[in-house]
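Here is what each chain is made of, one letter per residue.
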Amino acid sequence: MGLESTMKEELCMEIDPPFRENVATAEDWRKALNKVVPAVVVLRITACRAFDTEPAGASYATGFVVDKRRGIVLTNRHVVKPGPVVAEAMFVNREEITVHPIYRDPVHDFGFFRFNPDAIQFLNYEEIPLAPEAACVGLEIRVVGNDSGEKVSILAGTLARLDRDAPHYKKDGYNDFNTFYMQAASGTKGGSSGSPVIDWQGRAVALNAGSKTTSASAFFLPLERVVRALKFLQNGRDSYLSKWEAVAIPRGTLQVTFLHKGFDEIRRLGLQSETEQIARHASILGETGMLVVDSVVPGGPAHSHLEPGDVLVRVNGEVVTQFLKLETLLDERVDQKIELQIERGGVQLGINLVVQDLHSITPDYFLEVSGAVIHPLSYQQARNFRFHCGLVYVSEPGYMLFRAGVPRHAIIKKFAGEEISKLEDLVSVLSKLSRGARVPLEYISYTDRHRRKSVLVTVDRHEWYSPPHIYTRDDSSGLWTAKPAFESKPLLLSSGINESGIGSKKRRIEEDLSSDGVADDSSLHETGEDKPSVPNPIVNAILKDYQGATVAAANASVAERVIEPTLVMFEVHVPPSCMLDGVHSQHFFGTGVIIYHSQNMGLVAVDKNTVAISASDVMLSFAAFPIEIPGEVVFLHPVHNYALVAYDPAALGPVGASMVRAAELLPEPALRRGDSVYLVGLSRSLQATSRKSIVTNPCAALNIGSADCPRYRATNMEVIELDTDFGSTFSGVLTDEQGRVQAIWGSFSTQLKFGCNSSEDHQFVRGIPIYTISKVLDKIISGADGTPLLINGVKRSMPLVRILEVELYPTLLSKARSFGLSDDWIQALVKKDPIRRQVLRVKGCLAGSKAENLLEQGDMVLAVNKEPVTCFRDIENVCQELDSGDNDGKLNLTIFRHGCEMDLLVGTDVRDGNGTSRAINWCGCIVQDPHPAVRALGFLPEEGHGVYVARWCHGSPVHRYGLYALQWIVEVNGKPTPDIDAFVNVTKELEHGEFVRVRTVHLNGKPRVLTLKQDLHYWPAWELRFDPETAIWRRNIIKALDCSII
């Protein structure tokens, strides 16, 4: 059923007049069910976007045919959904058809789908008649539907109440109101939403809607208003036609919620006895109460006229004590005046109000920008939150707003300095902003409604998402059609400084490019620093003030004072549209250190648990100067736990560029046990914190297991352990007494597993020697031999890294002796490294590497090129030496296997530091090349391994049909897809609405074949690729219904 009751009160049983004994026999019920079951359908619903009260997602429910000739299916409103929905119906004989929404009531929990009756070829069925008048207390009923996903379940019950209050499901979601519900202890559960509640004659007397999770109580919607709406639909169309014409169903409202309360309680509110007698005599026999105002929506027709506690007596001179009569009067007088007579504290009042069109305050369009869904506030949510209808409401924050901290259900009040009262105001402001612009936004939330909150929104610099679009509901087709929110303009990049309105700054391409397109930067020095000059005397005075403030830091050690200007606080956000490489979060914090700073480029080193992937937005806050600027990921080491992020020194301004400096690196000598170091880092408030510590283990080998969802894990690394630190969340650097950096104190990610099915992400901190970072920096400065990358408008070649793609782990020589290693080798290894006294063993080879099928698990690596090796750094050094010699990139390994010593020629692999730079979104799943963490598991499908499903999106076709992450797509419609290019070529030939046969292989090696229906209307196929020429992630459409609107 999808909705769960959160009501806390106990449900009471009313004693009604005796009901005659049911004369229906088992045979009567059998005949009725034989007639009803074929007309009941299982609905597979996919909400393609979050909208109003409903999130995006896929679910199952129930419906039943109420008009065979026109092909109309009745179900719940929360099944039809107020927003974009794709649905299919499956009959009892498993025939499947597509259904389209044609009506969802703005208030009550019912709606209609339509289908083509001619599409049902092998089933005889009849429509189920609606008989709301047959409902009575004591009536024996059956609920027929897809209860608990069982396709067809038949649950028995007896109607116990006809006047139950409408159930309250959620404080921020859909709730029905201004109607009675029926109640029975039928025990329905999820999946039976929309099931018919039938009597022994096969008539539907109510519509199953919800249940109470803590008991067997189920709630049924009366059918009087359903019958009225169905008649409007039937009058608008005599039979099924492929092109349905939208039918207007008049619905009126005063934006008031009424409750039906007993006479005793109303007397306490001040009801006069004369009024009570009038109500009792004019109403149905056995009337127990009257309608009382419970809440009034601000800004509605009744606002400032009606108040909670007002007792409704008459409407247009008629005594009204029932919801049905009130709704009938309102629906018949849309946009007309009505006269209400109420009693307020015993005083009679007459009020004239204009009935509002309920559909006018039910949104039928929304803005999609950066994954966010924004639309006018609906009557449903305005009632929940007590806000005006039509305000700019955030149904789903997406990426841009989530990054700024704007939550779901927020109301946007001000953006970029302009007041926002309607959605068109927001679109107008967005149209003036350039990419990368940072502008303030003010919003309010129903949880803290009396205060505005102000945040800083950063317009996407990269093309993570399609340009903003307006989706509008088309009741004729049942689809939501998209069009650009405003005329697209050329890509303009903001300077990154706050904008209050329009602003752009195109990045300047430097003129000092050498003939091969690589920058010839004479300012790159080995010291890693080249301070810009500051000739302005005013700037000099400001600089002096900042320097004085820094010197005045109380009780700071020399190391802290020296290193503080080099520290940077990172805030990293990963767009949900490209959570690649198994990254486990969208938001990361950490501390990095500046290792290079010149007029043209700055480089910051940070751990990969802070900057996990290149497809991310990085913001840098400097300890030396109060400014926040964007950074760009330029290098991710394929093995070691560090990344390099570049920034533009010009964005710091002359003062900031002079205050900020690069740290002095001290790669040699390596730290030893017992050495004193200073651990220096930044708190979240950018305050430098330091302490003196002692190195307890300078060469602790890491052993991090694979996570459930494979992601980067540090392997083949020796790290530094200290006696004391600041906890598992504090990162920074390790320095000597002069402030020279010897290691990065970085964060590592792991996953703790509890039992078979539960796990928890965990992080810890260790020291990463600066040696390997220094080597890569030297290559960048001297000019590497890798792919050129545009950094701050200058092309620079980034280094390639040669590695042996084998996961190793150390074993004590005492253990190695037990495996049969000879005394000669043990002595040779001890002589090579008397401290570690270990030998490296093979844990596994990365699938697809050149070492695969040559080395086996458990092999001991004794020597490389006849030189003994005992640690990971020995292996790295000989790999780097291969780059300078004339060789074929192979190492001569001496290994010990199964008691035998042997020599092997093992190839090495060359990897860049770009990370994953290409991803495809097809039918809502994000596919990429398998990243190293996947290959480290040691398995790739023989059929092809280039199309790995990294993520999937809620509300997409892959969500509906179960094509989830952690598997490879190896065939599409029988055509092999060994790599991304082949996959693109196959999928671009597929048409909208076409069923596709997909063959997959899971990480565990299990093959599977499934089918899914391609939906290009809501889920076009697109590619996200990093463009090194512009340093921008670009989004290209592969296949869409109309590329002009995507």
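Residues numbered from 1 in each chain as written. Predicted model: local features only at pLDDT ≥ 70, side-chain atom pairs only at ≥ 80, totals over all residues. Heavy atoms only, no water.

Here we take up the overall build of the protein. Secondary structure assignment for the protein yields 19 helices and 61 strands. Over its C-alpha atoms, taken along the principal directions, the protein stretches across nearly 105 × 75 × 50 Å. Every one of the 1046 residues in the protein was classed for burial, and the buried ones make up 57%. Carbon and sulfur atoms form 50% of the exposed surface of the protein, whose accessible area is close to 42500 Å². (Helix = DSSP H or I, 4+ residues; strand = E, 2+ residues; numbered from the N terminus. Buried < 20%, exposed > 50% of the residue type's maximum accessible area, 1.4 Å probe, protein only. Areas by Shrake-Rupley, 256 points an atom, 1.4 Å probe, with all protein chains shown as cover.)

Right, let's talk about the environment of Gly-848 for a bit. Summarising the element assignment, Gly-848 is placed in the loop between β47 (838–845) and β48 (860–864). Spatially, the C-alpha atom of Gly-848 lies 9.9 Å from that of Pro-932, the residues being 84 residues apart in sequence.

The linkage connecting Glu-668 with the following residue, Pro-669, adopts the cis geometry, with an omega of -5 degrees. If you trace the backbone, Pro-669 turns up in the loop between α12 (653–659) and β37 (676–682). Positioned with a positive phi, Asn-716 is a non-glycine residue whose angle comes to about 50 degrees. Relative to the helices and strands, Asn-716 is located in the loop between β38 (688–701) and β39 (718–722). The exposure class of Asn-716 is buried, given its relative accessible area of 12%.

This brings us to the environment of Val-998. By secondary structure assignment, the location of Val-998 is in strand β58 (residues 995–1002). The sequence separation of Val-998 and Arg-1008 amounts to 10 residues, and the corresponding C-alpha distance is 8.3 Å. Not counting residues within four places of it along the chain, the set of residues in contact with Val-998 comprises Trp-922, Ile-969, Glu-971, Arg-1008, Val-1009, Leu-1010 and Leu-1012. (Contact = heavy atoms within 4.5 Å.)

Our next topic: the sheet that holds strand β33 (residues 602–606). Strand order in the closed barrel formed by six strands is β31-β32-β33-β36-β35-β34, and the pairing between neighbours is antiparallel. Recorded for the sheet is a direction-independent mean angle of 40 degrees between the axes of neighbouring strands. Both strand β32 (residues 587–597) and β33 contribute to a ladder of four bridges, which runs antiparallel. Looking at the pairing, His-597 lines up with Gly-602 of β33. Of the strands in this sheet, β32, β33, β35 (628–636) and β36 (643–647) touch helix α13 (residues 771–782), which is tilted by about 60 degrees from β32. (Pairing = 2+ DSSP bridges. Axes fitted to C-alpha atoms, helices over the stretch in contact; angles between N-to-C directions.)

Before going further, it helps to examine the sheet that holds strand β9 (residues 161–165). Pairing in this open sheet of seven strands is antiparallel, and the strands run β8-β7-β11-β12-β13-β10-β9 from one edge to the other. Each edge of the open sheet carries a strand with a single partner, namely β8 (153–158) and β9. Geometrically, the sheet is characterised by an average inter-axis angle of 40 degrees between neighbouring strands, direction not taken into account. Relative to strand β13 (residues 218–221), strand β12 (residues 204–211) is paired through four bridges, and the arrangement is antiparallel.

Moving on: the packing of aromatic side chains. Each aromatic ring pair is summarised here by two numbers: the centre-to-centre distance and the angle between the ring planes. As enumerated under the stated definition, the model contains 24 aromatic pairs in all. Seen in terms of ring centroids, Phe-180 and Phe-323 are 5.0 Å apart; in terms of plane orientation they differ by 75 degrees. Their pairing is edge-to-face. Of the two residues, Phe-180 sits in strand β10 (residues 180–184) while Phe-323 sits in helix α6 (residues 323–331), which places them 143 residues apart along the sequence. Exposure class is identical for Phe-180 and Phe-323. Each is buried. On the basis of an interplanar angle of 5 degrees and a centroid distance of 5.0 Å, the ring pair of Phe-366 and Tyr-471 is categorised as stacked. A residue pair is termed long-range when its members are at least 10 positions apart, and Phe-366 in strand β22 (residues 365–369) and Tyr-471 in strand β29 (residues 469–474) qualify at 105 residues. Using a relative accessible area of 0% as the deciding quantity, one classes Phe-366 as buried. (Phe/Tyr/Trp six-rings, centres within 6.5 Å; stacked < 30°, edge-to-face > 60°.)

On to the nonpolar core. Of all hydrophobic cores here, the largest spans 90 residues; its most connected members are Phe-570, Leu-620, Phe-622 and Leu-644. Within the second largest apolar cluster, 54 residues are counted, among which are Val-41, Val-80, Leu-221 and Ile-249. (Core = buried A, V, L, I, M, F, W, Y, C linked by side-chain atoms within 4.5 Å.)

Moving on: the packing of α13 against helix α16 (residues 872–884). It is at 12 Å that the axes of α13 and α16 come closest, and there the two elements cross at 15 degrees. The angle between α13 and α16 falls in the class roughly parallel. For α13 against α16, the interelement crossing comes out left-handed. Contacts between α13 and α16 involve Tyr-771, Thr-772 and Lys-779 on the former and, on the latter, Arg-873, Glu-876, Asn-877, Gln-880 and Asp-883. (Parallel < 35°, antiparallel > 145°, perpendicular 65-115°, else oblique. Left-handed = near helix turned anticlockwise from the far one by under 90°.)

Moving on to the packing of helix α3 (residues 224–236) against α6. At a closest axis distance of 11 Å, the pairing of α3 and α6 adopts a crossing angle of 25 degrees. Here α6 runs roughly parallel to α3, going by the angle between their axes. Contacts between α3 and α6 involve Glu-224, Arg-225 and Arg-228 on the former and, on the latter, Leu-324, Glu-327, Thr-328 and Asp-331. Residues belonging to the contact of α3 with α6 are distributed by class as follows: one nonpolar, one polar and five charged. (Nonpolar A, V, L, I, M, F, W, Y, C, P; charged D, E, K, R; others polar.)

The subject of this paragraph is the state of the cysteines. Scanning the model with the defined rule gives zero disulfides in all. Counting only cysteine sulfurs, Cys-923 is the nearest neighbor of Cys-48, a cysteine outside any disulfide, at a range of 12 Å. Residue Cys-48 is classed as buried on the basis of its relative accessible area of 2%. There is no disulfide at Cys-709, and the cysteine sulfur nearest it, in Cys-925, is 14 Å away. Residue class for Cys-709 comes out partly exposed when judged on its relative accessible area of 26%. (Disulfide = S-S within 2.5 Å.)

Take helix α15 (residues 823–832) next. All of the buried residues along α15 are Trp-825, Ile-826 and Leu-829. Buried residues along α15 cover an arc of 100 degrees about the axis, so they all sit on one side. Along α15, exposed side chains directed more than 90 degrees from the buried face belong to Asp-824, Gln-827 and Lys-831. Close packing links the buried residues of α15 with α14 (813–818), β47, β48, β49 (867–868), β50 (890–897) and β51 (900–907). (Arc of directions from axis to C-beta.)

As a further point, take the pattern of salt bridges. Pairing between side chains becomes possible if they bear opposite charge and their charged atoms approach one another. The tally for this structure, following the rule as stated, stands at 63 salt bridges. In this structure, the salt-bridge partner of Arg-452 is Glu-419, at a minimum N-O distance of 3.8 Å. With Arg-452 in strand β28 (residues 448–458) and Glu-419 in strand β26 (residues 418–419), the pair connects residues that are 33 residues apart, well separated along the chain. (Salt bridge = Lys/Arg side-chain N within 4 Å of Asp/Glu carboxyl O.)

On the secondary structure map, Asp-425 appears in helix α9 (residues 423–432). Within polar-contact distance, the side chain of Asp-425 engages the side chain of Ser-421 at 3.0 Å. For Asp-425, the residues in contact, after removing those within four places along its chain, are Glu-419 and Ile-420. (Polar contact = N/O pair within 3.5 Å; in protein donor to acceptor, adjacent residues only side chain to side chain.)

Scored by pLDDT, the protein comes out at a mean of 89, with 90% of its residues at no less than 70. Low confidence marks residues 1–21, where pLDDT is under 50. Its contacts with residues over four positions away, or in another chain, come to 49 contacts. Low pLDDT (under 50) marks residues 495–527, which in the prediction has 67 contacts with non-local residues, meaning those over four places away or in another chain. (pLDDT = per-residue confidence, 0-100.)

On to a nonpolar patch on the surface, then. On the surface, a cluster of nonpolar side chains totalling about 220 Å² of accessible area is made up of Val-92, Val-152 and Ile-154. Along the chain, Val-152 falls in the loop between β7 (140–145) and β8. Using a relative accessible area of 40% as the deciding quantity, one classes Val-152 as partly exposed. (Patch = residues over 30% accessible without salt bridge, like charges linked within 9 Å, V, L, I, M, F, W, Y side chains within 5 Å.)

With five of six residues buried, strand β56 (residues 967–972) lies mostly within the body of the structure. Sheet topology places β56 next to β58; five bridges connect them, and they run antiparallel. Bridge pairing links Ile-969 to Thr-1000 in β58. Counting the residues that bridge the hairpin from β56 to strand β57 (residues 975–976) gives two residues, and of these Asn-973 lies at a positive phi of roughly 55 degrees.

For Glu-632, the position within the fold is in strand β35. Residues Glu-632 and His-597, 35 residues apart in the sequence, show an inter-C-alpha distance of 15 Å. If near-sequence neighbours (up to four positions away) are discounted, Glu-632 is found in contact with Arg-461, His-462, Leu-644, Val-645 and Ala-646. Within the local environment of Glu-632, its side chain forms a polar contact with the side chain of Arg-461, the two groups lying 2.8 Å apart.

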